[in-house]
Structure formats: C-alpha cells, structure tokens
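Given next are the chains, with one letter for each unit.
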Amino acid sequence: TYKVNYEYTGEVPAGAPAASSFNQSGVEAGTSVELAEEPSVEGYDFSGWTVVEGEATVEDGSFTMPTENVTLQGSFTKIKKATAVVHYVDEDGNKLQDDTVSDEIRVGNTYDVSEAEAVEEITVNGKTYEFVSDGDAAYTGTMSENGVEITRVYKLKTYKVNYEYTGEVPAG
C-alpha cells in the first residue's frame, strides 16, 4: 500500500488547516483517489492541489494511485484589494465636499464611481462652484494595486450684473 501526502508552500495563513490532516495511508495501487477539498481561508485564494511527487495525473479532481507514494502541494495568495476615491476641490485645491469612496474592490476587478461624474455643481456656504476639469479621469476600469484617485476641480461661479436706468439719468 502507498501514501498520499499533502503539503503547503509559501506563507500559510492563520486559520488554514494543517496540510497533513488531508494525508491518506494504506492506499492500494490502481485505486481512484479523490483530491482533498481545497482549504478556504478568508482573504486568501488557494492555488489548488498539484502533484509534485509520484506518477499521478489529476483529472476531474481525482487520480489513479500509482505504485508509489504521491505528494500534492498547494499554496495561498493574499487577496489584494483597493479603493477608488474621488476628490472634489476648488481651483486652489481646497476641499469642497466629502470624497466619494468605493468599497474595497479586489485588484483586477472592475471599479465604477461614475456617479461622481454627475456632480456638475457644488454649493458651499452660499457659493456655487461649477465643474472645470478631471484630467480625463476614468470613472470605471480595472482596479490597480495602488487604487484609483480622481480629482474633480471646480471654479467659483461668477455672474455679470448689469444695471440699467429707466427714466432720467441723474447728473454727475
């Protein structure tokens, strides 16, 4: 009879079951062996089990036991997440309103803060600011490891007031 051994490579996160807990012994050659269930640890992806010792080919989650021991290996990768942030500032860089911040989004997944594009005017202390520029920002796209920062710039809206006399213009 033969053994099926499991092991991890790289950093093993807290909460992962011991790889040896999946080991099997007394396995007869020619027997179909189901791979151990892939461990699940919050915040990490598991690579899957790969044969690193023994002449076994995994197909559909199982292999036929050869006439030797088999070792399978797997590893964990920390899931990276980041946020998309939209800042609203005046032409001098002063904050006009609270930032729009997305939930944490997995790096490589799509982010969408397009609701920020709809903010054409901001009123602060009775003064109205109108949108000027965002540097051709991408309000949707693929999240990068560093996250996404967009700065929307607004200028103080000014009004031209013309006075017109009706009737006789006073002298002087």
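The structure this text deals with has already been given above.
Model, not experiment: these values are computed from the prediction. (Residues numbered from 1 in each chain as written. Predicted model: local features only at pLDDT ≥ 70, side-chain atom pairs only at ≥ 80, totals over all residues. Heavy atoms only, no water.)

Caption draft 1: Main features of the overall build of the protein. For the protein, the count of helices and strands is zero helices and 16 strands. For a compact globule of 172 residues, the expected C-alpha radius of gyration is about 16 Å, and the protein comes in at 31 Å, more than 25% above that figure. By principal-axis analysis of the C-alpha atoms, the protein measures approximately 120 × 25 × 20 Å. Residues classed as buried in the protein amount to 31% of the 172 residues present. Considering only intrachain contacts with a sequence separation of at least 6, the fraction spanning at least 24 residues in the protein is 62%. Taken as a whole, the protein presents about 11400 Å² of accessible surface, with 41% of it coming from carbon and sulfur. The positive charge centre, built from 11 side chains, and the negative charge centre, built from 32, are 10 Å apart in the protein. (Helix = DSSP H or I, 4+ residues; strand = E, 2+ residues; numbered from the N terminus. Rg over C-alpha atoms; globule rule 2.2 N^0.38 Å. Buried < 20%, exposed > 50% of the residue type's maximum accessible area, 1.4 Å probe, protein only. Contact = heavy atoms within 4.5 Å. Areas by Shrake-Rupley, 256 points an atom, 1.4 Å probe, with all protein chains shown as cover. Lys, Arg positive; Asp, Glu negative; His and termini not counted. Charge placed at Lys NZ, Arg CZ, Asp CG, Glu CD.)

Caption draft 2: Structural view of the side chain of Ser-62. When you line up the elements, Ser-62 lands in strand 6 (residues 62–64). Classification of Ser-62 as buried rests on a relative accessible area of 15%. Excluding residues that lie within four positions of it along the chain, Ser-62 makes contacts with Ser-32, Val-33, Glu-34, Leu-35 and Thr-57.

Caption draft 3: Focus on a nonpolar patch on the surface. Where nonpolar side chains cluster on the molecular surface, the patch consists of Tyr-159, Val-161 and Tyr-163 and spans about 460 Å² of accessible area. The residue Val-161 is located in the segment after strand 16 (148–156) in this model. (Patch = residues over 30% accessible without salt bridge, like charges linked within 9 Å, V, L, I, M, F, W, Y side chains within 5 Å. Salt bridge = Lys/Arg side-chain N within 4 Å of Asp/Glu carboxyl O.)

Caption draft 4: Molecular detail of the sheet that holds strand 13 (residues 121–124). Here we have five strands laid out as an open sheet, ordered 10-9-16-14-13, and mixed in their pairing. One side of each edge strand has no neighbouring strand; the edge strands of this open sheet are strand 10 (95–101) and strand 13. On average, adjacent strands in this sheet sit at an angle of 30° to one another, irrespective of strand direction. In this sheet, strand 16 lies alongside strand 9 (residues 84–90) in parallel orientation, the contact comprising seven bridges. (Pairing = 2+ DSSP bridges. Axes fitted to C-alpha atoms, helices over the stretch in contact; angles between N-to-C directions.)

Caption draft 5: Fine view of a negative patch on the surface. A contiguous patch of negative charge on the surface is contributed by Glu-7, Glu-53, Glu-55 and Glu-68. For Glu-68, the position within the fold is in the loop between strand 6 and strand 7 (70–78).

From the geometry alone we can't say anything about function, so treat these as descriptive.
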